[in-house]
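Tertiary structure, described
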Amino acid sequence: MSTSSWLVSDAQSPDGAPEKRHLRVGFIALSDAAPLVVAKRLELGHEHGLTLELSRESSWAAVRDKLLTGELDAAHSLYGLVYGVQLGIGGPREDMAVLMVLNRNGQAITVSPSLAEAMAHTGDLREALTSLGRKPVFAQTFPTGTHAMFLNYWFAAQGIDPLTEISSIVIPPAHMVAAMEEGGLDGFCCGEPWHAVAQARGLGRTVTVSSDIWPNHPEKVLACRRDFVARYPRTAQALVRTLLSACRWLDMPGHRAEAAGWLAEPAWVGAPRDLIAARLLGDFGRLQGRHALLRVSFFDKGVVNYPHPSDGMWFIAQYRRWGMVGDAAVAGAAQTAAAVSQTALFEAAARAEAVPVVASPAREVLCDGKVWDGASIGDLRAYVDGFDIRAR
């Protein structure tokens, strides 16, 4: 445990009150940080005895490092960042906790205008990539994160091996547009509003959204070190209650448009309000997909927010698929995910907020036709071995 996590007094808190009242919570400049921004702007934490200090971070690596050192108490985090650290493949290994899911859907893949034209002309991704005359370069935001896994999954679903046929680089989300402008980057996967910004500036074209890869996939989570939960359980529950209130607020009529105005401010995201609002409201222009193109979801009567252990198991399966972990991680996936997902704490917080507890995960068909059914996962190794394209 880091030294800074012990700086708060050990004095007993009044019964039911949070043990720690001032929390520093990190976020990245993305539209799906909306629950944190709403919670701060409306000071929703005050009802639960908390004062939130939001800290805008420059990259997911910075979020990871500050969680590990205790500079951040909690953070808006990539689901895959948590599991990368838990497994020791996204930096130093540490026991991590997912307190709740902050959103589902809301990510995308954008490519250069010339590649988008080639894709439209050929109707075949491989043929379009071949027209580049070199190895394609695509950016994602963190090696174990959702965006890296979604890029891999999307390429493999179309018969392209992302490990051998694609050059993958890491760029922080807010720098993606500048990287497209500089040239040398054929596409990227991250969160909004950076796809909308790239398209509005004529630097890229969104060719798919993440809900077309995995409908209603988990995305950002409220994360912390597990020792924070052990030391401050009432604080952790109060924080979940605060963010549940913010997620519920975002589902109310007219509130997403209002939140887009807040997110547009330089302190938060600093992108044009109209571009933030469009994608928050599900306006993808003329884009079509295999599935219905789903907008980012924050609450949906609590369905969004349950931290299903099976979601974490999907990430572990993908890490094995791409050779990032060994068979032992797959064998212990259920135990690992059960420890990371703070389901009992979440359920207590949800009931206190009169939020329905939806503990059974949905069954979804991904873009390659494979089914991910979190409620009835069988042999995870057999699931991994069922992919034709994977690390050997």
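Up top is the structure.
The structure reproduced in this document is the subject of the present report. Just so we're clear, the structure is a prediction, and the values are computed from it rather than from any experiment.

Here we have five strands laid out as an open sheet, ordered S7-S6-S8-S5-S9, and mixed in their pairing. In this open sheet, the two edge strands, each paired with only one partner strand, are strand S7 (167-170) and strand S9 (205-209). Taken pair by pair, the neighbouring strands of this sheet meet at an average axis angle of 25°, ignoring direction. Bridging between strand S5 (residues 107-111) and strand S8 (residues 187-191) involves five bridges; their strand directions are antiparallel. When the bridges of S8 are listed, Val 111 appears paired with Gly 187. The strands touched by helix H4 (residues 113-122) within the sheet are S5, strand S6 (137-140) and S9, with S9 carrying the most contacts at an inclination of about 60°.

To continue, consider the layout of surface pockets. Within this model, the largest pocket holds a volume of roughly 510 Å³. Taken together, 22 residues form the lining of the largest pocket, with Met 119, Val 207, Thr 208, Leu 287 and Gln 288 sitting closest to its centre. For the lining of the largest pocket, the secondary-structure elements that each account for two or more residues are H4 and S9. Sorting elements by how many residues they give to the lining of the largest pocket places S9 first, with four residues. Tallied by class, the residues present in the lining of the largest pocket amount to eight nonpolar, eight polar and six charged. Shared between two domains, the lining of the largest pocket takes at least three residues from each, and those domains are domain 1 (22-104 + 217-307 + 342-359) and domain 2 (107-213). Of the voids in this model, the second largest pocket is the one considered here, and its volume is about 230 Å³. Arg 104, Asn 216, Val 303, Ala 362 and Glu 364 are the residues nearest the centre of the second largest pocket, which is lined by 18 residues in total. Among the residues making up the lining of the second largest pocket, the classes are represented as eight nonpolar, six polar and four charged.

What follows covers the state of the cysteines. Covalent bonding between the sulfur atoms of two cysteines defines a disulfide. All told, the structure shown has zero disulfides when counted by the stated rule. No disulfide involves Cys 224; its sulfur sits 16 Å from the nearest other cysteine sulfur, which is in Cys 247.

This part is about the pattern of salt bridges. Evaluation of the coordinates by the stated rule reveals 27 salt bridges. The closest approach of N and O atoms between Arg 241 and Glu 353, which form a salt bridge, is 2.7 Å. On the criterion of sequence distance, the pair formed by Arg 241 in helix H11 (residues 233-250) and Glu 353 in the loop between helix H17 (343-352) and strand S11 (363-365) is long-range, its members being 112 residues apart. Given the relative accessible area of 10%, Glu 353 is considered buried. With a shortest N-O distance of 3.7 Å, Arg 351 and Glu 347 are connected by a salt bridge. Of this pair, Arg 351 and Glu 347 both sit in helix H17, four residues apart, which is roughly one turn of that helix. The class of Arg 351 is exposed, set by a relative accessible area of 58%.

On to unusual backbone geometry. Backbone torsion omega between Glu 192 and Pro 193 reads 15°, so that peptide bond is classified as cis. With respect to the helices and strands, the residue Pro 193 is situated in the loop between S8 and helix H8 (194-200). Unlike most non-glycine residues, Asp 300 shows phi in positive territory, near 50°. Counting through the fold element by element, Asp 300 comes out in the loop between helix H13 (273-280) and helix H14 (309-321). Located in the positive-phi region is Lys 301, a residue other than glycine, with phi close to 60°. By secondary structure assignment, the location of Lys 301 is in the loop between H13 and H14. Residue class for Lys 301 comes out exposed when judged on its relative accessible area of 64%.

The rules we used
Residue indices follow the written sequence of each chain, beginning from 1 at its first position. Since the coordinates come from a predicted model, pLDDT governs what is reported: local features require at least 70, and pairs of side-chain atoms require 80 or more to be given and counted, while whole-chain, interface and lining totals use all residues. Computation of side-chain values covers all heavy atoms of the structure but excludes hydrogens and water. A pair of strands counts as paired when DSSP detects no fewer than two bridges linking them. By definition, any uninterrupted DSSP run of H or I lasting at least four residues is a helix, any uninterrupted run of E lasting at least two residues is a strand, and each is numbered from the N terminus. To obtain an axis, a line is fitted to C-alpha atoms, over the contacting stretch when the element is a helix, and the angle between two such axes runs from 0 to 180 degrees between their N-to-C directions. Any pair of residues with heavy atoms lying within 4.5 Å of one another is described as a contacting pair. A pocket, in this scheme, is an open set of points on a 1 Å grid over the protein atoms alone with protein on both sides within 12 Å along at least 5 of 7 lines, while a cavity is a set where a 1.4 Å probe fits but cannot get out; residues line either one if an atom lies within 4 Å of a point. Grid points are joined across faces, edges and corners, and a volume is the space filled by probe spheres set on the points. Each residue is assigned to one of three groups, with Ala, Val, Leu, Ile, Met, Phe, Trp, Tyr, Cys and Pro labelled nonpolar, Asp, Glu, Lys and Arg labelled charged, and all others, Gly among them, labelled polar. The domain limits used here are those given by an automatic or database domain assignment. Disulfides are defined in this document as cysteine sulfur pairs within 2.5 Å. Any Lys or Arg side-chain nitrogen located within 4 Å of an Asp or Glu carboxyl oxygen qualifies as a salt bridge. Per-residue accessibility, obtained with a 1.4 Å probe over protein chains only, is compared with the maximum for each type, and a residue is labelled buried under 20%, exposed over 50%, and partly exposed between these values.

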